[in-house]
Amino acid sequence: MDRAGPGIEEQADRVAEAACELADAAAGSGWSAAAVDDALVAIDTLAAALTQVDQEVAEVLAAVTATTATVRRRFGLPLDPEPAPPGTEWVTASRSARRPRPRRRGLGPGFQGIR
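Residues numbered from 1 in each chain as written. Predicted model: local features only at pLDDT ≥ 70, side-chain atom pairs only at ≥ 80, totals over all residues. Heavy atoms only, no water.

**Points about the overall build of the protein chain**
This is how the line gets drawn: By definition, any uninterrupted DSSP run of H or I lasting at least four residues is a helix, any uninterrupted run of E lasting at least two residues is a strand, and each is numbered from the N terminus. Burial classes: relative accessible area under 20% of the type maximum marks a residue as buried, over 50% as exposed, and values in between as partly exposed (1.4 Å probe, protein chains only). Pairs of residues are marked as contacts when any of their non-hydrogen atoms sit within 4.5 Å.
Of regular secondary structure, the protein chain possesses four helices and zero strands. Ordered by position from N to C terminus, the α and β elements of the protein chain give α-α-α-α. For the protein chain, buried positions account for 23% of its 115 residues. Restricting the contact set of the protein chain to residue pairs at least 6 apart, pairs at least 24 apart contribute 48%.

Shown next, in the form of structure tokens:
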């Protein structure tokens, strides 16, 4: 884990920056169901990406996926399917039913981040 692939550190930095901006914007504000859904998709996607670090990390992050499923049930959001394996494209059912979104790339080589 000494060397990240091309662009990974920059992408991770942008994701962390966006998460901080979201936290700042949400402070003292309400959340819509769509915003909660989008944030949970981001959490699940990041957890899926981090499972590539090693098997122990994957086992620990399984709790994250279980937790986001619990939050989805609490807010009456549809449970999304498991993220696709690395290198495949996917669109979650709840997102495509709510509003059209561009297809997301898989988490394999060429991953372009969360849009």
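**A closer look at helix α3 (residues 55-74)**
The line we're drawing: Expected span, for any helix, means 1.5 Å times one less than how many residues it has. Pairing of N or O atoms within 3.5 Å defines a polar contact, subject to two protein rules: one partner must be a possible hydrogen donor and the other a possible acceptor, and residues neighboring in sequence count only if both atoms are side-chain atoms.
In a regular helix each residue adds 1.5 Å, so 20 residues correspond to 28 Å; α3 covers 29 Å between its end C-alpha atoms and thus fits that length. For α3, the set of buried residues is Ala-58, Leu-61, Thr-68, Ala-69 and Arg-72. Its side-chain oxygen 3.1 Å from the backbone nitrogen of Glu-56, Asp-54 forms the N-cap of α3. Looking one or two residues past α3, Gly-76 carries a phi angle of roughly 70°, positive in sign.

**Some thoughts on the side chain of Thr-68**
Residue placement: Thr-68 occurs in helix α3. In terms of polar contacts, Thr-68 uses its side chain to reach the backbone carbonyl oxygen of Thr-65, at 3.0 Å.

**A closer look at the environment of Ala-42**
Position of Ala-42 relative to the elements: it lies in helix α2 (residues 33-50). Its relative accessible area of 21% is what places Ala-42 among the partly exposed residues. In sequence terms Ala-42 and Ala-19 are 23 residues apart; their C-alpha atoms lie 9.5 Å from each other.

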